[in-house]
Amino acid sequence: MSERFQYSREGYLNEDFRFFHLSDTAGQERDYHFHEFDKIVVLISGKVDYTVEGTTYRLMPWDVLLVRHHMIHKALIDQTEPYDRIIIYLDSASVERYAPNGGLADCFAETEKRSYCLLRPGAEEIPALSEQLSRLEASETDSGFGANIMRSTLLVQLLVLLNRIMQGDEGRVHEGSECDEKIAAVLSYINENLASDLGIDELAAMSFLSRYHFMRLFKSQTGYTAHNYIRQKRLNQAARLIREGVPAVRAAAECGFADYSAFHRAFTNTFGVSPGKIKRM
């Protein structure tokens, strides 16, 4: 594997983007997890259900899933059929450098805003999407003059296309997507109030469920206990603030951690690096 395709074990992307075209009968997906980078999934063929932040999407051929960094997700793959898909890992910050103020990453921000990650291109949009992905894939083996520039240009064109599809698909909830409205409301509340005291009893009351039933339902929908989900989201938010230049002690406090030493341990165990090192990275 070439050096251009290396990324560290902590889950950071040391390149602008990475392209995969994978076809097998099992897939290589892990259990519930998240990335430090954005992720594009395009299903070519096969049967797979993707669960992202409590919503399950039953993908159809040429569906596009936009998974923003820090979104917790998992794929459930039907191993009786070949699973053909394209996956792109993307550093959105690098995209902004290609086209400052161009809004190329808006499609990812929009998925988080509307809590819905699925794009389903219309029949008239699929040929253009297929062609653009094929051109991007072909560029992976190009080592000629300006190859990196060409590759980046093709990625920008793909993102322009996805944003246009997003604009035409805005507000739609497609057949095959499922979520529990009570848990979806709790997830939105958690992500908007990470600095607050997010007690389990309070969250259960919001859902009009007993503590026991809330905890069971939350785990089945997200793959995490409510406590672990809240802690992970707080750590993710703190990591973002630290990268933006906020001192680690202040970032910890703003994300609901009262004890900095406990925050430091949890941060290092989760990301494999200390808060100080992640700032330098």
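## Section: helix α10 (residues 260–271)
Here α10 spans 16 Å end to end across 12 residues, near enough to the 16 Å set by a 1.5 Å rise per residue. Of the residues one or two after α10, Gly 272 is the one with positive phi, at around 75°.

## Comments concerning the side chain of Thr 51
Position of Thr 51 among the secondary structure elements: in strand β3 (residues 48–52). Given the relative accessible area of 11%, Thr 51 is considered buried. A polar contact of 2.9 Å, which involves the side chain of Thr 51, links it to the side chain of Thr 56. Excluding residues within four positions of it along the chain, Thr 51 makes contact with Tyr 32, Thr 56, Ile 72, His 73, Lys 74 and Gln 221.

## Some points on the pairing of strand β4 (residues 55–58)
The alternating pattern of β4 places Thr 55 and Tyr 57 on a buried face, while none of Thr 56 and Arg 58, on the opposite face, is buried. Bridge analysis of β4 against strand β9 (residues 177–179) gives three bridges, and the strand direction is antiparallel. Each residue of the ladder has a partner; that of Thr 55, found in β9, is Cys 179.

## Structural notes on the sheet that holds strand β6 (residues 73–77)
One open sheet holds the four strands; their spatial order is β6-β3-β4-β9, and the pairing between them is antiparallel. Sheet topology places β6 and β9 at the edges, where each strand pairs with a single neighbour. On average, each strand axis in the sheet is inclined to that of its neighbour by 20°, with strand direction left out of account.

## Focus on unusual backbone geometry
With the exception of glycine, the majority of residues adopt a negative phi angle, and the majority of peptide bonds are in the trans configuration. Positive phi, close to 80°, is recorded for His 70, a residue that is not glycine. Accessibility expressed as a relative area gives 8% for His 70, which makes it buried.

## Describing the packing of helix α3 (residues 126–139) against helix α4 (residues 147–169)
Close contact between α3 and α4 brings their axes to 9 Å; oriented N to C, the two are set at 160°. Viewed along their axes, α3 and α4 adopt a mutual orientation that is roughly antiparallel. When the axes of α3 and α4 are compared, the crossing they make is left-handed. Contacts between α3 and α4 pair Ala 128, Leu 129, Gln 132, Leu 133, Arg 135, Leu 136 and Ser 139 from the former with Arg 151, Leu 154, Leu 155, Gln 157, Leu 158, Leu 161 and Leu 162 from the latter. Considering only residue class, the contact of α3 with α4 consists of nine nonpolar, three polar and two charged.

What counts, and where the lines are drawn
- Residues numbered from 1 in each chain as written.
- Predicted model: local features only at pLDDT ≥ 70, side-chain atom pairs only at ≥ 80, totals over all residues.
- Heavy atoms only, no water.
- Helix = DSSP H or I, 4+ residues; strand = E, 2+ residues; numbered from the N terminus.
- Expected span 1.5 Å × (residues − 1).
- Buried < 20%, exposed > 50% of the residue type's maximum accessible area, 1.4 Å probe, protein only.
- Polar contact = N/O pair within 3.5 Å; in protein donor to acceptor, adjacent residues only side chain to side chain.
- Contact = heavy atoms within 4.5 Å.
- Pairing = 2+ DSSP bridges.
- Axes fitted to C-alpha atoms, helices over the stretch in contact; angles between N-to-C directions.
- Parallel < 35°, antiparallel > 145°, perpendicular 65-115°, else oblique.
- Left-handed = near helix turned anticlockwise from the far one by under 90°.
- Nonpolar A, V, L, I, M, F, W, Y, C, P; charged D, E, K, R; others polar.

By themselves, these figures tell us nothing about what the structure is for.
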